[in-house]
Amino acid sequence: VELCQEMQEKFGDSITAPLWQADTMEDYGPIIEYQEARLANPEFEASARRYAQWYLGCANFRSGANSEAIEWMAKCLESKGVRAHIEVRARSVMAMAYYESGEQAKARETLDRAVEVFAAEAPRPGVDDPGTSWQSWLICELLLNEAKRKIAGDGEEDDIASTQDDSVSEHR
């Protein structure tokens, strides 16, 4: 309970911000502890579990614990009813973790699937109304772009991007 209150005071309602703003690897420890405490609560909503699993996977990836990140993202993806934006986020981070672990083929395959889901499901600017999920899709796009830059390297980004639908690629 104290840890949850400390995290709430430090980061407010948004626990996502520290995933990009932490100054050192040690800064991720409280995020991991907070999310693990949430998951340990038997009354924690099942739908919110996916988000906690994603946060744990992302924090572990950012701290260099790639195998843990892959495990958490796999748990997130195993949940029933995973929303497309959570799938894209999880697969993007999982792809980067595979890449950092030296598993380039799995990284590429995982990233390609994230790109496919994004192309099929993301709201198209000027065409679809993103509603209240626009922030989630923005996070997806940021993570996908980061994963593409990391995995594609040496000018191969076009190979990954070519799996996207042309109408989606135009506004990215």
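Residues numbered from 1 in each chain as written. Predicted model: local features only at pLDDT ≥ 70, side-chain atom pairs only at ≥ 80, totals over all residues. Heavy atoms only, no water.

Undergrad: Got a sec to walk through the side chain of Glu 87? Specific residues and values, please.
TA: Take Glu 87: it is sitting in helix α6 (residues 84–100). Classification of Glu 87 as buried rests on a relative accessible area of 14%. At 2.8 Å, the side chain of Glu 87 and the side chain of Arg 91 are in polar contact. (Helix = DSSP H or I, 4+ residues; strand = E, 2+ residues; numbered from the N terminus. Buried < 20%, exposed > 50% of the residue type's maximum accessible area, 1.4 Å probe, protein only. Polar contact = N/O pair within 3.5 Å; in protein donor to acceptor, adjacent residues only side chain to side chain.)

Undergrad: Give a detailed account of the packing of aromatic side chains, specifying residues and quantitative values.
TA: Tallying each qualifying case throughout the model produces two aromatic pairs. Their ring planes at 65 degrees and their centres at 5.2 Å tell us that Trp 54 and Tyr 55 sit as a pair that is edge-to-face. On the accessibility criterion, Tyr 55 (10% relative accessible area) is buried. (Phe/Tyr/Trp six-rings, centres within 6.5 Å; stacked < 30°, edge-to-face > 60°.)

Undergrad: Could you give an account of the nonpolar core, naming the residues involved and the relevant values?
TA: Trp 54 and Val 93 are the most contacted members of the largest nonpolar core, which has 33 residues in total. Sorting the residues of this core by element identifies α4 (46–62), α5 (66–78), α6, α7 (104–121) and α8 (134–152) as the ones contributing at least two each. For this core, the element with the highest residue contribution is α6, accounting for ten residues. Counting eight residues, the second largest nonpolar core, distinct from the first, contains Ile 32, Phe 44, Ala 52 and Ala 59. (Core = buried A, V, L, I, M, F, W, Y, C linked by side-chain atoms within 4.5 Å.)

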